[in-house]
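Geometric and topological summary
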Amino acid sequence: MQQQFTVRDDLPRIVGSEVMLSPTCGETGLGCDEHGEPLKVFCETDQRAICLECVCSVHRTHTATPIREAVALYKGKLQEAMEKISRHADEVLETRRAEESSVADVKRGMIALQKNMAHEFGKLHLFLSEEEEALAQRLKEREADLLLKLEQNIKKASREITLSEQLIRNIQQRLGLQDGDLLKNVKLVLESLGQTCDKFQVPLRVPVDVGLGEMNGPLQYAVWKRMLQVIAPVPALLKLDASTAHPRLMISEDGAEVRLSAGQQSVMENPGRFTDRRSVLGAQAFLTGRHYWEVEVGNSPVWSLGLAGKSMPRTGSTNLGPETGLWAVSLHWQKGYRALSSPPTPLTPSQRPRKVRVYLDYEEGQVSFYNADNMSHLYTFTQTFTESLYPYFSTASKAQSLRLVTRQGM
């Protein structure tokens, strides 16, 4: 322990005794600038080494320590500071290495995303190109068909005009004859003309339908509807599994809606049924592939949506999150929007979701959530999945049900 004291009359005697016992003790190799004596005492007040003469004069009222003790003390403190800085440097170095590794991960991830984006857009471009070519071919065929019919009608009309003009000339010639010649066989002539006139037909107009409704109507919408047939993944056709529903939850007959009932319902016992949380699972399990579905949440003030692992506890009130086999987002009228991560992550959607889209890529370990109205991203979980996953639904609203959106409603 360091001995600190205010300089006393006997300090020179104490220091001198130490020096006598150990001649090399306290020697600094330097002398006092003022007295030329060895520096054997450390003045704590002025933070510098002094000689015994200084102790008895200028530094008499200062706190001083034998220089050997001061050196030991401050060496220890410097060592502690160095060790602390060294630990900090090690932590920073580890962080830098992790960040450098993250840089490589980001670059690899971006390359993979760019390839996937190019691949997905390539399929869309190919589909649109084929749609455009098919529509252009149909337009060309329609044009050729219409032009052929019009040309045939024009030729028919031309023949009728030629015949009419010839008959008119014949009649004009007879009208120019002398009376006797005009009346010669006039009855037969009139009968012949009558028969010919009875056969006259004005050609029916060809309906000129260039396909305005098909080609210039809601073309984009029509193509988009056809595009739904080739989009991968297609919307999952889901139903709710009533055998897993909490007794307070009421499931619609078609298995597409769930809401909170007024009271406890009489239900069959089932080990897979939720008994504490007001939740229900989808009937379909996913063990591979990419899938998505949409849920209409409307104005419901309390809900949770996502995916639950087969082993997720159905009883008890354990915290919900990936560690318990649940990947979900939720809304609570007091807590707001949250991702049920560990700990929960607050979400701040730019627009209140009326419909939520859930996307699963099992092999990539991705569960993502979107506002289905504008496809803005809400949150993404990443996890390595090893068991069957079931769509998860939870609500505490009696007035507003959660409703699975059909493919036609998307």
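Here, every reference points to the structure presented above.
To start, this report covers the structure provided alongside it. (Residues numbered from 1 in each chain as written. Predicted model: local features only at pLDDT ≥ 70, side-chain atom pairs only at ≥ 80, totals over all residues. Heavy atoms only, no water.)

1. A short note on the packing of helix α3 (residues 67-175) against helix α7 (residues 219-227)
The contact between α3 and α7 brings their axes to 11 Å, and the two run at 125 degrees. Classified by the angle between their axes, α3 and α7 sit oblique to one another. Like other packed secondary-structure pairs, α3 and α7 cross with a definite hand, here right-handed. Along the contact surface, α3 presents Leu124, Phe127, Leu128, Glu131 and Leu135, while α7 presents Leu219, Val223, Arg226 and Met227. When its residues are assigned to classes, the contact of α3 with α7 shows seven nonpolar, no polar and two charged. (Axes fitted to C-alpha atoms, helices over the stretch in contact; angles between N-to-C directions. Helix = DSSP H or I, 4+ residues; strand = E, 2+ residues; numbered from the N terminus. Parallel < 35°, antiparallel > 145°, perpendicular 65-115°, else oblique. Left-handed = near helix turned anticlockwise from the far one by under 90°. Contact = heavy atoms within 4.5 Å. Nonpolar A, V, L, I, M, F, W, Y, C, P; charged D, E, K, R; others polar.)

2. Let's talk about the pattern of salt bridges
Tallied over the full model, the rule gives eight salt bridges. Residue glutamate 100 pairs with arginine 96 through a salt bridge whose shortest N-O separation is 3.7 Å. In this pair, glutamate 100 and arginine 96 both sit in helix α3, four residues apart, roughly one turn of the helix. Between arginine 108 and aspartate 105 there is a salt bridge, with its nearest N and O atoms 2.2 Å apart. With arginine 108 and aspartate 105 both in helix α3 and three residues apart, the pair spans about one turn of that helix. (Salt bridge = Lys/Arg side-chain N within 4 Å of Asp/Glu carboxyl O.)

3. As for a nonpolar patch on the surface
A contiguous nonpolar surface patch, about 290 Å² in accessible area, is contributed by Val106, Met110 and Leu113. Mapping methionine 110 onto the fold places it in helix α3. Overall, methionine 110 belongs to the partly exposed group, its relative accessible area being 45%. (Patch = residues over 30% accessible without salt bridge, like charges linked within 9 Å, V, L, I, M, F, W, Y side chains within 5 Å. Areas by Shrake-Rupley, 256 points an atom, 1.4 Å probe, with all protein chains shown as cover. Buried < 20%, exposed > 50% of the residue type's maximum accessible area, 1.4 Å probe, protein only.)

4. So, the sheet that holds strand β16 (residues 376-382)
Pairing within the open sheet is antiparallel, and its seven strands lie in the order β6-β7-β18-β9-β14-β15-β16. Strands with a single pairing partner mark the edges of an open sheet, and in this sheet they are β6 (249-251) and β16. The average angle at which neighbouring strand axes cross in this sheet is 20 degrees, direction not considered. As judged from the seven bridges shared by strand β9 (residues 290-296) and strand β14 (residues 355-361), these two strands associate in the antiparallel manner. Paired with tyrosine 292 across the bridge in β14 is tyrosine 359. (Pairing = 2+ DSSP bridges.)

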